[in-house]
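Overview (structure and organization)
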Amino acid sequence: MPLRWEKQWISDETYESAGVFDVNSDGHPDIVSGAWWYPGPDFRKKHFIGEVKPAGEYFDDFSTIAMDVNGDGWTDFITGGWWGNTLRWRENPRGDPSRQWPEHVIDNTGNVETTRAWDVDLDGDLEIIPNTPARNEVVVYKLLRDRSGRQTGQFKSRSVFRFPKGQSQGHGLGCGDLAGNGRMDIVLGRGWLEAPPDPWKGKWLWHPDFADAPWGWAASVPMIVADINGDGRSEIVVGNAHGYGLWWAEQIRKGSNRAWKYHAIDPCNAQYHDMIWVDLDGDGAPELVTGKRHRAHCGNEPGEWDDYGIYYFKWTGDSFAKQIVTYAPFGEAKGVGIHFAVADLRGTGRLDIVAPGKDGLCVFFNEGTT
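Below you will find a few notes about this structure. (Residues numbered from 1 in each chain as written. Predicted model: local features only at pLDDT ≥ 70, side-chain atom pairs only at ≥ 80, totals over all residues. Heavy atoms only, no water.)

Focus: the environment of Lys-292
Secondary-structure assignment places Lys-292 in the loop between β25 (287-291) and β26 (308-315). Residue class for Lys-292 comes out buried when judged on its relative accessible area of 3%. (Helix = DSSP H or I, 4+ residues; strand = E, 2+ residues; numbered from the N terminus. Buried < 20%, exposed > 50% of the residue type's maximum accessible area, 1.4 Å probe, protein only.)

Quick look at the structure:
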């Protein structure tokens, strides 16, 4: 049976990124979005984090990755943006709602589409990878620890691959084991980088596999890497972040040869920019949770003025079945922004959806199937 959802408006703020973590260590998850954080369990109040640079309809804040960066026991977050040209982190002032969060630059990266985190070297810690479409290299950032194992607030970086002059990284980013050797490969919109045994010292191998992919130049961030059909090989789920369409790419292997077969999931909706692969309904199998990034390019791309919403897709054994969280015209429905969150906000054991965007900030509480 489909899940039921209860919508709660949080704020008219139009930041496109949100995260969930316990800001003040009171045992309740809080919502962090743009220049504000909203304390749980009711999220009725809001506290100022600090100014975020505006740019027309946008703000220079395209991710909210929770991480204790400086090892003080309080959760900070990592972000980056298109106009600031930097990857940076905001320092939690130990949960004090009267204090602003200092901002620290990790690196000058160029334009950041958005940023994600994966355990690239499989040591138990998340590494940071920004999607920087115009840059010709792919860079991974690792948070350093001291001899006692405490986080230091400092990062090391490695350029794992540099494209030839005139080429760039492009729009789209994912991470997972595509080669089938247990390592974490990096996926881009036009191909993927096969990880060496030591990702910090070895040579990454470029596979230009997606030159004819249906998502074109605007692959989603993230591109989901998972064994969709249970054949023991990883597939990829990709949306068109700035046009119509959502697909899964089936990996076909014959000996050492690899090919990709593209299957449409939803060709009729647009701006699938962000997505999460998670067990939303608690049946032990992950679902694809996603939706539209409302006004992704400020009304200037295909599908921008269609009815829209938030959805989850269940794998049926041979295809995906679409379930609706919300779907309606603007003003009634809701999109997911560029970096949304899924978390158990009330301690019910069910995962709720935190949806930021140019259409405001809302929560959809998961009420289960009964």
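Following the structure, the description resumes.
Side note on the pattern of salt bridges
This model, assessed by the stated rule, comprises 22 salt bridges. Note that Glu-16 and Arg-293 form a salt bridge whose closest N and O atoms lie 2.7 Å from each other. Of the two residues, Glu-16 sits in the loop between β1 (5-11) and β2 (19-21) while Arg-293 sits in the loop between β25 and β26, which places them 277 residues apart along the sequence. Of the two residues examined, Glu-16 and Arg-293, each falls in the buried class. Across the pair Lys-142 and Glu-127 runs a salt bridge whose closest N-O atoms are separated by 2.8 Å. In this pair, Lys-142 is assigned in strand β14 (residues 137-145) and Glu-127 in strand β13 (residues 127-131), connecting sequence segments 15 residues apart. In terms of burial, Lys-142 and Glu-127 fall into one category: buried. Here the residues in one salt-bridge network are Asp-60, Arg-88, Arg-90 and Glu-103, joined through shared partners. (Salt bridge = Lys/Arg side-chain N within 4 Å of Asp/Glu carboxyl O.)

So, the sheet that holds strand β10 (residues 86-90)
Remark on secondary structure: sheet strands pair via backbone hydrogen bonds, oriented parallel or antiparallel. On the basis of which strands lie adjacent, the open sheet formed by 4 strands has the order β8-β9-β10-β11 and antiparallel pairing. For this open sheet the edge positions go to β8 (65-67) and β11 (103-108), each flanked by a neighbour on one side alone. Ignoring which end each strand starts from, the neighbouring axes of this sheet average 25° apart. By the bridge criterion, 3 bridges tie β8 to strand β9 (residues 76-80) in an arrangement that is antiparallel. When the bridges of β9 are listed, Ile-65 appears paired with Ile-78. (Pairing = 2+ DSSP bridges. Axes fitted to C-alpha atoms, helices over the stretch in contact; angles between N-to-C directions.)

With respect to the sheet that holds β26
The strand order across the open sheet formed by 4 strands is β24-β25-β26-β27, and the pairing between neighbours is antiparallel. Of all the strands in the sheet, the pair left with one neighbour each is β24 (275-278) and β27 (320-328). Looking at each pair of strands side by side, their axes are set apart by 20° on average, direction ignored.

Here we look at the side chain of His-339
Within the secondary structure, His-339 is located in the loop between β27 and β28 (341-343). Given a relative accessible area of 10%, His-339 falls into the buried group. Ignoring sequence-local partners within four residues, the contact set of His-339 consists of Glu-16, Ser-17, Ala-18, Phe-62, Ser-63, Thr-64, Ile-65, Thr-115, Arg-116, Asp-274 and Pro-356. (Contact = heavy atoms within 4.5 Å.)

Observations regarding the nonpolar core
With 18 residues, the main nonpolar core has Val-160 and Ile-186 as its most contacted residues. At the level of secondary structure, the elements contributing two or more residues to this core comprise β14, β15 (151-162), β16 (173-176) and β17 (185-188). Once residues within four sequence positions are removed from consideration, Val-160 is found in contact with Val-138, Val-140, Ile-186, Leu-193, Pro-199 and Trp-204. (Core = buried A, V, L, I, M, F, W, Y, C linked by side-chain atoms within 4.5 Å.)

Overview of the environment of Lys-201
Structurally, Lys-201 is set in the loop between β18 (191-194) and β19 (205-207). Owing to a relative accessible area of 71%, Lys-201 belongs among the exposed residues under this scheme. It is 8.8 Å that separates the C-alpha atoms of Lys-201 and Arg-158, two residues lying 43 residues apart in sequence.

Here's the deal with the pairing of strand β22 (residues 246-254)
As judged from the 4 bridges shared by strand β21 (residues 235-239) and β22, these two strands associate in the antiparallel manner. Across the sheet, the residue bridging to Val-237 is Trp-248, located in β22. Remark: 6 residues form the turn of the hairpin made by β21 and β22, two consecutive strands paired antiparallel; Gly-245 in that turn has positive phi of roughly 120°. Taken together, the 8 bridges between β22 and strand β23 (residues 257-264) define a ladder with antiparallel strand orientation. Within β23, the residue paired with Gln-251 across the bridge is Trp-260.

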